[in-house]
Amino acid sequence: DAGITQSPRYKITETGRQVTLMCHQTWSHSYMFWYRQDLGHGLRLIYYSAAADITDKGEVSDGYVVSRSKTENFPLTLESATRSQTSVYFCASIGGQVEAFFGQGTRLTVV
Amino acid sequence: SQQGEEDPQALSIQEGENATMNCSYKTSINNLQWYRQNSGRGLVHLILIRSNEREKHSGRLRVTLDTSKKSSSLLITASRAADTASYFCATDGTSGSRLTFGEGTQLTVNP
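Residues numbered from 1 in each chain as written. Chains lettered and ligands numbered in written order. Predicted model: local features only at pLDDT ≥ 70, side-chain atom pairs only at ≥ 80, totals over all residues. Heavy atoms only, no water.

Undergrad: How should I be thinking about the pairing of strand S3 (residues 19-25) of chain B in this particular structure?
TA: As a general feature of sheets, a regular strand has side chains that alternate between the two faces. Residues and elements named next belong to chain B. By the alternation rule, side chains of S3 split into Ala19, Met21, Cys23 and Tyr25, which are all buried, and Thr20, Asn22 and Ser24, of which none is buried. Sheet analysis places S3 next to strand S8 (residues 71-76), joined by six bridges and oriented antiparallel. The residue bridging Cys23 from the neighbouring strand is Ser72, located in S8. (Buried < 20%, exposed > 50% of the residue type's maximum accessible area, 1.4 Å probe, protein only. Helix = DSSP H or I, 4+ residues; strand = E, 2+ residues; numbered from the N terminus. Pairing = 2+ DSSP bridges.)

Here it is, written out as structure tokens:
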């Protein structure tokens, strides 16, 4: 199916474990983003990528790592999960227009 | 810190009334966008206004932009219960497509 998909939709992990959230888009959009949304708040930018092999930090990048070896995939890794990283994570992409398309989100709980 | 800040944080109205939400931002922008988020879902693009535009309409939506005051407003006319959602403004700055979001306005439309 065309669009942007995130996996898993829900994840529970333990403190200290490494976790990877996946994001895949089918449009070949250049820009991709990872945001986190804490309960009752807006979105904060974690990392973004302008193209394959080009990534840059957002405002809350500590503790996260990204890669973009292929245009369509933009995985986000929590190197050593902490409780403060419990959140809903959204992936988004932008193509030729400025409009961003969002995935359905991954609800991550760190216990 | 967030680039955009919405006001009010929460708004409750009756079906058929108009809803107005405001957004203020800090730095110069190319575009300002409004997104909608239903509970538990990803964000969906509503409307974009460019920095050289002052007003834009789309269906029941009216957006204004005042770059001298660094502010925008979103008006939803003749609201419906289905308009109940959170609404976010997003700005991209003048340096590229890095989208930053405000904290959002939670709109409740009572039937």
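Picking up where we left off.
Undergrad: What is the right way to look at the nonpolar core in this model?
TA: The nonpolar side chains of a soluble globular protein tend to be buried with one another. B:Met21, B:Leu32, B:Trp34, B:Leu74, B:Ile76, B:Tyr87 and B:Leu107 are the most contacted members of the largest nonpolar core, which totals 20 residues. Listing elements by their share of this core, those giving two or more residues are S3, strand S4 (31-37), strand S5 (43-50), strand S7 (61-66), S8, strand S9 (85-91) and strand S11 (105-110) of chain B. With four residues, the single largest contributor to this core is S3(B). Membership of the second largest hydrophobic core comes to 19 residues, among which are A:Val19, A:Phe74, A:Tyr89 and A:Cys91. (Core = buried A, V, L, I, M, F, W, Y, C linked by side-chain atoms within 4.5 Å.)

Undergrad: Is there a simple way to think about the sheet that holds strand S8 (residues 76-78) of chain A in this case?
TA: Strand pairing in a sheet is mediated by backbone hydrogen bonds. Such pairs are either parallel or antiparallel. All names here are of chain A. Strand order in the open sheet made by the four strands is S1-S3-S8-S7, with antiparallel pairing throughout. Whereas interior strands pair on both sides, the edge strands pair on one side only; in this sheet they are strand S1 (4-7) and strand S7 (64-66). The sheet shows a mean angle of 15° between the axes of neighbouring strands, direction not considered. Inspection of the sheet shows strand S3 (residues 19-25) paired to S8 by three bridges, in the antiparallel sense. Counted as the bridge partner of Val19 is Leu78 from S8. (Axes fitted to C-alpha atoms, helices over the stretch in contact; angles between N-to-C directions.)

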